[in-house]
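What follows is the residue order along each chain.
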Amino acid sequence: MDETIASKSSWAEPFKIKMVELLRVTTRQERERIIAEAGYNTFLIRSRDVYIDLLTDSGTAAMSDRQWAGLMLGDEAYAGSENYYHLEKAVQNYYGYKFLLPTHQGRGAENILSQLLIKPGDYVPGNMYFTTTRLHQERAGGAFVDVIVDEAHDPQSDYPFKGNVDIAKLDRLVREVGPRRVPYVSLEGNVNMAGGQPFSMANLKELHAYCRQHGIPIMLDATRTIENAFFIKERERGYASRSLARILREICDLTDGATMSAKKDLLVNIGGFLACNDEDLFKRAQNLAVVYEGLHTYGGLAGRDMEAMAIGIEEALMEEHQAARIGQVRYLGAKLEAAGVPIVKPIGSHGVFIDAATFLPHLDRDEYPAQALAAAIYVDSGVRTMERGNVSAGRDPETGLNRRPNLELVRLTIPRRVYTQAHMDVIAESIANLYARRTDIQGLRMVHEPQYLRFFQARFETISR
Ligand code: F0G
């Protein structure tokens, strides 16, 4: 297996296609009407009106024939489903945590973990925020504190481990508030909001030593941690000949528990889990699950979903799968770079992130350049992308002002095993054309702002000059 990566610079999909889903192409005139009706928010466009859907890599993977066969083995008993025990075994085996609680998706696990561990007035340090993760931490009374390395906030820095925790920043917080006000460190693999950037094993070891010394647990957001393992294998000394499974296990062994959105790494359309080694925490989580998710042996999932997830873990750990998955993302990124389009570097694992602030320097951050660019891409080619900037970051709860993060990005997220290289060519061509006409793109005004996670449902109008 290792040789496939080490000895070849080219890659090909390690599968052949057995079933296809037809795409619908709309006209430019139709798309202009559709985006206006959707309030210039790509989340509010109907899927039938999208040509190539790069909104997210979440729940959008193509399952394998083995996974589809697994659906037929669904044991839909309310309690004690056989599929729960398969999944438990797979998580114990590959992630290495002792206890498993399935949840309907990642945020279900985040809700339970946050409610159980965070008290009002606590601080939760993490390697950059994720939208749902931070919201649950805040709703439990905590304040999120960003302790990621500075390079992560600089789209031009090509530092290979932009997901690393800056231990000095963490130490500053711990000294200031005391370790008892820090219930855990929230550590994300392949940091989504930074552009899909990994932490290194060396950094995790250092973090682990620090946290042990201060009695602070580490809770991993394992959503894209197998992709993080791929980068460790590729970039970190001493890991080139280790299997992804061994690297994943080493990561998890340095943490105390994990929340998981299985809709990414694990190649399923729905599902998640909370896993940990502390039995008392697990029992309390199982009890809270019956309030929010369902009985502790299904957690909001059908038995068949748990079976597909158990099979997905093994497929996600196949080296050739990750080489092709990440190879495809890099193929698109390299094409955009060649066309001069400003993108976040290094190219991450789950998508290419356009630096919208550099793409549209004529727009103020409060005219939402990334939101405007995502809308313009849709109008140009029917390709649906997502804003990851000022709209996603929301307002500071203390000042009520937009957070205006340094990273103002449009995410071209690549679903796993879904699109071909020719689709990547079409996407790159459209964005390169748009880049040539970038001064025509107008800013947006927010006209409807929901209270929680506003980016999902906010509506905008164009600002005409
Ligand atoms: N953590 C990370 C790093 C995520 O990327 C997501 C979801 C979640 C947690 C929440 O999981 O959606 O299953 O409840 N990310 C999706 C995305 C929505 O498009 O990036 P969920």
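About the thresholds
- Residues numbered from 1 in each chain as written.
- Predicted model: local features only at pLDDT ≥ 70, side-chain atom pairs only at ≥ 80, totals over all residues.
- Heavy atoms only, no water.
- Domains from an automatic or database assignment.
- Contact = heavy atoms within 4.5 Å.
- Buried area = accessible area lost by both parts, 1.4 Å probe.
- Salt bridge = Lys/Arg side-chain N within 4 Å of Asp/Glu carboxyl O.
- Polar contact = N/O pair within 3.5 Å; in protein donor to acceptor, adjacent residues only side chain to side chain.
- Helix = DSSP H or I, 4+ residues; strand = E, 2+ residues; numbered from the N terminus.
- Near = heavy atom within 4 Å.
- Nonpolar A, V, L, I, M, F, W, Y, C, P; charged D, E, K, R; others polar.
- Axes fitted to C-alpha atoms, helices over the stretch in contact; angles between N-to-C directions.
- Left-handed = near helix turned anticlockwise from the far one by under 90°.
- Patch = residues over 30% accessible without salt bridge, like charges linked within 9 Å, V, L, I, M, F, W, Y side chains within 5 Å.
- Areas by Shrake-Rupley, 256 points an atom, 1.4 Å probe, with all protein chains shown as cover.
- Buried < 20%, exposed > 50% of the residue type's maximum accessible area, 1.4 Å probe, protein only.
- Pairing = 2+ DSSP bridges.

Trainee: I tried to follow the domain arrangement of the chain on my own but got confused; where do I start?
Mentor: One frequently used descriptor of interface size is the decrease in accessible area upon assembly of the parts. Split into domains, the chain comes out as domain 1 (3-57 + 319-462) and domain 2 (65-316). Inter-centroid distance (C-alpha atoms) of domain 1 to domain 2 is 25 Å. Listed as interface residues are 37 residues of domain 1 and, on the opposing side, 45 residues of domain 2. Sorting the residues of domain 1 by area buried against domain 2 places Gln-322, Pro-346 and Leu-407 first, and these three jointly supply 17% of that buried surface. Joining domain 1 to domain 2, the criterion identifies eight salt bridges. Ionic pairing is found between Lys-18 and Asp-65, a salt bridge with its closest N-O pair at 3.3 Å. Here domain 1 is connected to domain 2 by 23 residue pairs in polar contact (both at pLDDT 80 or more). Counting only elements with at least two residues in the side of domain 1 that touches domain 2, the list comes to helix H13 (319-338), strand E9 (351-355), helix H16 (390-393) and strand E12 (409-413). Per element, the largest residue contribution to the side of domain 1 that touches domain 2 is seven residues, and it comes from H13.

Trainee: So what exactly am I meant to see when it comes to the site of the ligand here?
Mentor: The local shell around the ligand holds 18 residues, among which Thr-56, Arg-107, Asp-221, Ser-261 and Lys-264 are the closest. Between an oxygen atom of the ligand and a side-chain N or O atom of Gln-105, the distance comes to 2.8 Å. Within the side chain of Lys-264, a nitrogen or oxygen atom sits 2.9 Å from a nitrogen atom of the ligand. Its residues assigned to classes, the shell around the ligand comprises two nonpolar, eight polar and eight charged. Shared between two domains, the shell around the ligand holds at least three residues of each, these being domain 1 (3-57 + 319-462) and domain 2 (65-316).

Trainee: Looking at this model, I keep getting lost on the packing of helix H15 (residues 369-381) against helix H17 (residues 421-436). Mind explaining?
Mentor: Each pair of packed helices can be described by the angle between their axes along with the distance between the axes. The interhelical angle for the contact between H15 and H17, taken along N-to-C directions, is 115°, at an axis separation of 10 Å. You can see that H15 and H17 cross each other, and the crossing is right-handed. Where H15 approaches H17, its residues Leu-373, Ala-376, Ile-377, Asp-380 and Ser-381 are matched on the opposing element by Ser-430, Ile-431 and Leu-434. When the residues that make up the contact of H15 with H17 are grouped by side-chain class, the tally is five nonpolar, two polar and one charged.

Trainee: It is not clear to me how a nonpolar patch on the surface should be interpreted in this structure. Could you clarify?
Mentor: On the surface, Phe-15, Ile-17, Val-20 and Leu-22 cluster together to form a nonpolar patch covering roughly 460 Å² of accessible area. Note on placement: Val-20 falls in the loop between helix H1 (2-6) and helix H2 (28-37).

Trainee: Mind showing me how you'd approach the pattern of salt bridges here?
Mentor: Between side chains of opposite charge, pairing is possible as soon as their charged atoms come close. Following the criterion strictly, the structure yields 37 salt bridges and no others. Arg-416 is paired through a salt bridge with Asp-57; the nearest N and O atoms lie 2.9 Å apart. Placement of Arg-416 in the loop between E12 and H17 and of Asp-57 in the loop between strand E1 (52-53) and helix H3 (65-71) is noted, with a sequence separation of 359 residues between them. Residue Arg-416 is classed as buried on the basis of its relative accessible area, which comes to 1%. Of the charged contacts, one joins Asp-380 and Arg-437 as a salt bridge, the two residues approaching to 2.8 Å between their closest N and O atoms.

Trainee: Teacher, can you tell me more about the pairing of strand E7 (residues 257-261) here?
Mentor: Consecutive residues of a regular strand have side chains that alternate between opposite faces of the sheet. Burial analysis of E7 places five of its five residues in the buried class, the great majority of the element. Here E7 shows a buried face lined by Gly-257, Thr-259 and Ser-261 and a second buried face lined by Ala-258 and Met-260. Strand direction decides the pairing type here: strand E6 (residues 218-221) and E7, joined by three bridges, are parallel. The residue bridging Met-219 from the neighbouring strand is Gly-257, located in E7. Note: E7 against strand E8 (residues 272-276), five bridges, orientation antiparallel. Directly across from Gly-257, in E8, lies its bridge partner Cys-276.

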